[in-house]
Amino acid sequence: MPTAGRTVNDRYVTFEGIDFEGNMEAVLVHLRRYIDDPAFANPFWDRFRKRLAGATQAERPVADRLLLMHAHVCYMAELFEDNDDAAALAALRRLEEECF
């Protein structure tokens, strides 16, 4: 399928033009405001933080972080919804639509 003139990123056509790093970072900035705050501390997010640090140090950090975030997308969405964080939900939605 030709991509000339295409203005919308579509992962089913090509990954060209999709900013995986930027999309992940946008979500992580929002997520870290919660999971790095002691008021939101719990064993689940503590383990996620450790796994995220491990993924960053992995041989394929982009793929590993993306996989980790994909596996936890429902939990991130719940956290953002519980805190009425529309900007975080929008960033998460973009990550889902373009990268998962």
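Residues numbered from 1 in each chain as written. Predicted model: local features only at pLDDT ≥ 70, side-chain atom pairs only at ≥ 80, totals over all residues. Heavy atoms only, no water.

Peer 1: Lay out helix 2 (residues 43–56) with the relevant residues and their values.
Peer 2: An ideal rise of 1.5 Å per residue puts 20 Å on 14 residues; helix 2 measures up with 20 Å between its terminal C-alpha atoms. All buried positions along helix 2 are accounted for by Trp-45, Phe-48, Leu-52 and Ala-55. Buried residues along helix 2 cover an arc of 75 degrees about the axis, so they all sit on one side. Facing away from the buried side of helix 2, by more than 90 degrees, are the exposed residues Pro-43, Arg-47 and Lys-50. (Helix = DSSP H or I, 4+ residues; strand = E, 2+ residues; numbered from the N terminus. Expected span 1.5 Å × (residues − 1). Buried < 20%, exposed > 50% of the residue type's maximum accessible area, 1.4 Å probe, protein only. Arc of directions from axis to C-beta.)

Peer 1: I'd love a proper account of the packing of aromatic side chains, names of residues and values included.
Peer 2: Under the definition given, this model contains five aromatic pairs. Consider the rings of Tyr-34 and Phe-80, whose centres lie 6.0 Å apart with planes at 45 degrees: the pair is tilted. Of this pair, Tyr-34 sits in helix 1 (residues 20–35) while Phe-80 sits in helix 4 (residues 73–82), placing them 46 residues apart in sequence. You can call Tyr-34 buried: its relative accessible area is 8%. Judged by its relative accessible area of 0%, Phe-80 is buried. Ring centres of Phe-44 and Trp-45 lie 4.9 Å apart, and the angle between their planes is 85 degrees; this geometry places the pair in the edge-to-face category. (Phe/Tyr/Trp six-rings, centres within 6.5 Å; stacked < 30°, edge-to-face > 60°.)

Peer 1: Explain the pattern of salt bridges residue by residue, including any values.
Peer 2: A complete count under the given rule lists seven salt bridges for this structure. Arg-32 is paired through a salt bridge with Asp-36; the nearest N and O atoms lie 3.2 Å apart. Using a relative accessible area of 42% as the deciding quantity, one classes Asp-36 as partly exposed. Here Asp-36 ties to Arg-49 by a salt bridge, and the two come within 3.7 Å at their closest N and O atoms. Within this pair, whereas Asp-36 is found in the loop between helix 1 and helix 2, its partner Arg-49 is found in helix 2, the two being separated by 13 residues in sequence. Judged by its relative accessible area of 26%, Arg-49 falls in the partly exposed class. (Salt bridge = Lys/Arg side-chain N within 4 Å of Asp/Glu carboxyl O.)

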